[in-house]
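# Understanding the architecture of this molecule
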Amino acid sequence: MAEHPQKPPLQKPPGYRDPTANSGKPAMTRPPPRKPVLPASFHPKKRRRNWRRACCCFIFVFLVILTLVVAVAGALFYLWFDPKLPVFHLQSFRVPRFNVTVRPDGTYLDAEAVTRIEIKNPNGKLAIYYGGTHVGVTVGGGETELGSKEVSGFTQGKKNTTSLKVETGVKNQLVDDGSGTKLKNGFKNKGLVVDVEARTRVGFIVQGLKIGTVGVNALCGGVSLKKLDRGDMPKCSINLFKWY
């Protein structure tokens, strides 16, 4: 009998796995990936953030309200009291002694001056208090000093006028030879120009309560002895410094 030709074995498709292979052994499966465990310091702290935000909002609202209250109080104070700064005048200026001496080693000045500064409080509802006042005197257009003095602080009532007497002087003060001649001639013909500067602090008093001070610089200058001898009382210009 003729033998039947054998059929070629079927080829397995790509990727085919025999289910009978590795029989009896459980299939290996990979566990699901785990989430990384973060330390406690990396966790978001919602409560603390909310508390800080609320605190910042409260502070901001408080500052806004405080600013508005201060602004309203200042406006009411200004409208009711109408505060005004004091008015300074150079009341008088005398020179009891004024000697210019020329020596071999230079020219020297020996002089004394008595200055009176009139201060008026124009406020009808406010008293004024003054801190320590520094008064400096110069002559000859500010070229030569005639000394300075500190005046103690004081209080000035409503619509009050106060006169400050300040005595200054220099002794054996060396000056330029040319300046000494000008000073001597100016004193003789009463053309010597006088300048007085008063630095002080000024504040208001409301029912016994002192309200912050402002620095005041009163300049009383450019006046000759001849005009002062006639009784002229030139008004002093005022420069303001910062409040403190």
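Note that this is a predicted model, so its numbers are computed, not measured. (Residues numbered from 1 in each chain as written. Predicted model: local features only at pLDDT ≥ 70, side-chain atom pairs only at ≥ 80, totals over all residues. Heavy atoms only, no water.)

### Topic: the nonpolar core
Ranked by size, the top nonpolar core spans 41 residues in total, and within it Phe-88, Phe-93, Phe-98, Leu-109, Leu-146 and Val-196 carry the most contacts. Ignoring any residue separated from it by four or fewer positions in sequence, one finds Val-196 in contact with Leu-90, Thr-115, Ile-117, Val-135, Gly-136, Val-137, Ala-218, Leu-219 and Cys-220. (Core = buried A, V, L, I, M, F, W, Y, C linked by side-chain atoms within 4.5 Å. Buried < 20%, exposed > 50% of the residue type's maximum accessible area, 1.4 Å probe, protein only. Contact = heavy atoms within 4.5 Å.)

### With respect to the side chain of Asn-217
By secondary structure assignment, the location of Asn-217 is in strand β9 (residues 209–224). By relative accessible area, which is 5% here, Asn-217 ends up buried. Polar side-chain contacts of Asn-217 include one of 3.1 Å to the side chain of Glu-197. (Helix = DSSP H or I, 4+ residues; strand = E, 2+ residues; numbered from the N terminus. Polar contact = N/O pair within 3.5 Å; in protein donor to acceptor, adjacent residues only side chain to side chain.)

### Here we look at the packing of aromatic side chains
A ring pair, where both rings are aromatic, is described by two values, the distance of the centres and the angle of the planes. Applying the stated criterion across every chain yields a total of 2 aromatic pairs. Summarising the aromatic geometry, the rings of Phe-98 and Phe-187 are spaced 4.7 Å apart at their centres and angled 20° between planes, so their arrangement reads as stacked. Of the two residues, Phe-98 is situated in strand β1 (residues 87–103) and Phe-187 in helix α2 (residues 177–188); the sequence distance between them amounts to 89 residues. Classification of Phe-187 as partly exposed rests on a relative accessible area of 22%. Between Tyr-130 and Phe-154, the aromatic rings sit 4.5 Å apart at their centres with planes inclined by 20°, giving stacked as the arrangement. One end of the pair, Tyr-130, is in strand β3 (residues 127–130); the other, Phe-154, is in strand β6 (residues 154–156), with 24 residues separating them in the sequence. The exposure classification of Tyr-130 matches that of Phe-154, with both residues buried. Here Arg-103 stacks its cationic end above the ring of Tyr-108, 4.6 Å away from the centre of that ring. (Phe/Tyr/Trp six-rings, centres within 6.5 Å; stacked < 30°, edge-to-face > 60°. Lys NZ or Arg CZ within 6 Å of the ring centre and 35° of its normal.)

Remember that the coordinates give geometry; whether it matters functionally is a separate question.
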